[in-house]
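# Structural description and commentary
Now for the letters of each chain:
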Amino acid sequence: MNHSIKKMLRLIDPNLTILEITQEKINHQMTLVIKANLSPQPSPCKCCGANVIDDDGKFAVVKNGKKTVTVRLEAFNHLPMVMHLNKQRYVCKKCRHYWTAQSYFIRPHHAISEQVRFKMMDLLKEKVSLTFIAKQCQVSISTVIRVLRSFKPQLPKAKQLYLPKVLLVDEFRSHTSLEDKMSFICVDGETGKLLDVLPTRKLPYLKNYFQNAKNKEDVQFLVSDMNASYMQLIASHFPNAQLIIDRFHIVKHINQALNDCRVREMKGLIKEKKRSQAAKLKSNWRYILKKRANLDVTEYKSWRSFRQPKFPLLTEEMMVDRLLAFSPKLKLGYQYVHDLLEAFDNKDPDTFFEILKTLPDTLDEVLKEKLQNLINYEEGIRNALIYPYSNGKIEAKNTHIKTLKRVSYGFRSFVNMKLRLFLMNSLIESK
Ligand SMILES: [Zn+2]
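Report follows, based on the coordinates. Everything numeric in this text was worked out from a predicted model, so none of it was measured. (Residues numbered from 1 in each chain as written. Predicted model: local features only at pLDDT ≥ 70, side-chain atom pairs only at ≥ 80, totals over all residues. Heavy atoms only, no water.)

The next point concerns the overall build of the protein chain. Tallying secondary structure elements over the protein chain gives 16 helices and 10 strands in all. Against the 2.2 N^0.38 benchmark of 22 Å for 431 residues, the protein chain shows a C-alpha radius of gyration of 33 Å, more extended than a compact globule. By principal-axis analysis of the C-alpha atoms, the protein chain measures approximately 110 × 60 × 35 Å. Per-residue burial for the protein chain yields a buried fraction of 48% across its 431 residues. Excluding contacts between residues fewer than 6 apart, the proportion of contacts in the protein chain whose partners are at least 24 apart in sequence is 56%. Averaging the coordinates of the 72 positive side-chain charges in the protein chain and doing the same for the 43 negative ones gives two points 11 Å apart. (Helix = DSSP H or I, 4+ residues; strand = E, 2+ residues; numbered from the N terminus. Rg over C-alpha atoms; globule rule 2.2 N^0.38 Å. Buried < 20%, exposed > 50% of the residue type's maximum accessible area, 1.4 Å probe, protein only. Contact = heavy atoms within 4.5 Å. Lys, Arg positive; Asp, Glu negative; His and termini not counted. Charge placed at Lys NZ, Arg CZ, Asp CG, Glu CD.)

One pass over the full model with this rule turns up 21 salt bridges. Arg107 is the partner of Glu114 in a salt bridge, and the nearest nitrogen-oxygen pair spans 3.5 Å. Exposure remark for Glu114: the relative accessible area of 11% places this residue in the buried category. Relative accessible area serves as the criterion here: at 36%, Arg107 is assigned to the partly exposed category. Each member of the salt-bridge network shares a partner with another, and the members are Asp350, Lys357, Glu378 and Arg382. (Salt bridge = Lys/Arg side-chain N within 4 Å of Asp/Glu carboxyl O.)

Right, let's get into a nonpolar patch on the surface. On the surface, Tyr300, Leu313 and Met318 cluster together to form a nonpolar patch covering roughly 270 Å² of accessible area. The topology assignment puts Tyr300 in the loop between helix H9 (285–289) and helix H10 (316–324). We classify Tyr300 as partly exposed; its relative accessible area is 49%. (Patch = residues over 30% accessible without salt bridge, like charges linked within 9 Å, V, L, I, M, F, W, Y side chains within 5 Å. Areas by Shrake-Rupley, 256 points an atom, 1.4 Å probe, with all protein chains shown as cover.)

Taken together, the five strands give an open sheet; going across it, the order is E8-E7-E6-E9-E10, and neighbouring strands pair in mixed fashion. Looking at strand neighbours, the two that pair on one side only are strand E8 (194–198) and strand E10 (242–245), the edges of this open sheet. Taking each pair of neighbouring strands and ignoring which way they run, the sheet shows an average axis angle of 20°. Bridge count for strand E6 (residues 166–173) against strand E9 (residues 221–224) is three bridges, and the pairing is parallel. Bridging across to E9, Val166 finds its partner in Phe221. In this fold helix H5 (residues 203–211) packs onto E6, strand E7 (182–188) and E8, with an angle of close to 140° to the strand it touches most, E8. (Pairing = 2+ DSSP bridges. Axes fitted to C-alpha atoms, helices over the stretch in contact; angles between N-to-C directions.)

Turning our eyes to something else, we now look at the coordination of the zinc ion. Binding of the zinc ion to the protein goes through Cys45 (SG), Cys48 (SG), Cys92 (SG) and Cys95 (SG), at separations of 2.3 to 2.4 Å. Viewed at the metal, the four donor atoms of the zinc ion are separated by angles of 105 to 113°, and the geometry they form is tetrahedral. Read N to C, the donor residues that coordinate the zinc ion are spaced as C-x2-C-x43-C-x2-C. With Cys48 in the loop between strand E2 (29–38) and strand E3 (61–76) and Cys92 in strand E4 (residues 79–92), the pair connects residues that are 44 residues apart, well separated along the chain. For Cys48, a relative accessible area of 40% puts it in the partly exposed group. By relative accessible area, which is 0% here, Cys92 ends up buried. (Donors = N, O, S within 2.8 Å, 3.2 Å for Na, K, Ca; no water. Tetrahedral: all angles 85-135°; square planar, octahedral: opposite > 155°, others 65-115°.)

Here the largest pocket is characterised by a volume of approximately 310 Å³. If you go around the largest pocket, you meet 18 residues; those closest to its centre are Tyr90, Trp99, Thr100, Ala101 and Gln102. Of all elements in the fold, only E3, E4 and strand E5 (98–100) reach the threshold of two or more residues within the lining of the largest pocket. The greatest single-element share of the lining of the largest pocket, amounting to three residues, is contributed by E4. Classifying every residue of the lining of the largest pocket gives seven nonpolar, seven polar and four charged. (1 Å grid on protein atoms, 1.4 Å probe; cavity = no way out; pocket = protein on both sides within 12 Å on 5 of 7 lines; lining within 4 Å. Points joined across faces, edges and corners; volume = space filled by probe spheres on them. Nonpolar A, V, L, I, M, F, W, Y, C, P; charged D, E, K, R; others polar.)

So, in C-alpha cells, the structure goes:
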C-alpha cells in the first residue's frame, strides 16, 4: 500500500514511509495532507568520519529525535497537496555533530519539493505572469521570485561578451530603471540569438559595456534605428563596422513625416471652416500612406467619405486624388514622399538621395526638414539598400518583451525581466 502511494506520488525514496493521508483546510483551502517519515539508517559522521559502530563495538552515531517540516508538493487531482515530513535527526557522539536526513525530492532548508521547483522553472519560460505561476504552484510570489533569481549567476558576464559579425541593436520601453526608461537590446543578426539586454541605452554605459568585448574588430555591420549615438559607438569601438539603418525605421520616418504634414493641413482646413474636408482627410489617412503602386485602379466603389449619389463611383486611386485636392501642400508632399518610397523599394540609393537633395522650396517646410534629416544618415541608408540585414530579428524579441510586460502588468525589476527573457530564449538552462 505504502509502495503504491509512493508510486502514484512519484516519490521513490526507499527511506520514505507514508503514515497517513488526510484532507484539511489550510488557508481556507481544502488540502491533501500526507504525513510521512524519512528515516534512513544512520550513516558515518561527515564531520569527524566516525563509523556508526566504533572500534569498541559501541554506537557512535545514533538517531536523535525527529524534525517535522511542511513541504509543498504539486497539486494532486486539482487538490493542493502538502507533506508533513518527519525527518530523522542524528548525532555523532564523538564530535557532537548533529544533522538531519535529506532526500532527493527536497533541497535542504527548502519548503517546496523539487517537482514544484521544476514546474515553476518551466512556467518561467512561458509568457505568463509571476502571479499566475505562484497560483499554479500554490506558493507565494516571493518564492517564485526566489527561484527566478536563482538563475542570476547564469546570466552572461560582460567580460565574456563575444560579438557577432552582424550586431543588431535597438531599444525598448522597460520602465524598470530609474535613470532611463528606455532599455537596450542587442541580437546576433545572422542567427537571431539574443545577446544581451541592458538597463539603459545611454552612450557612456554602452561604451563601457562594449569595451569588455575582446573581438570588437569582428563586427562588420551594426544595424540600428536613426540614433546618432550608435554612430559614435561605431567610430569609437567597432573599427571595421559599417552602420546600417534599419529599413523599417527609414520607411517609418518617411511615412511619419507625411502623416504629420496631413495633420497640420487638417488643422489649417478646420481654421478655414472646411471641417468636412478635414474629417475626410482624417478618416482616410491609411490611403494616403498606402503605397502608390498598390492603390487599386480598376474597381469603382462608393466610399464612406464620398458616397453615392452625391459623388460618382470612384476607384481607390481616384478617391486619393480627391483627398489630395483639398490641400495643395499635402498633394505636393504626397508626390515627393511616394517618389522617395518607390526609390527605396527599388533599392535605388542614387535616385533616393537625388530626390532628397533637390526637394523644392515650395514643399511644406517641416516636411522638407524632416525628410532632409535623412541625409545625415546617408551611408547607413545606402547600406540598408545594399545589404540584406535589418532589425527584423530583434522585433521578435521585442514582441516577447511586450507580451511579458502585458501579462505581468509591467516589470518592477529589470533583472527579473532579463532573467525571464533569457529563460524564454533558452539562453540559460534550468537545472
Ligand atoms: Zn563526528
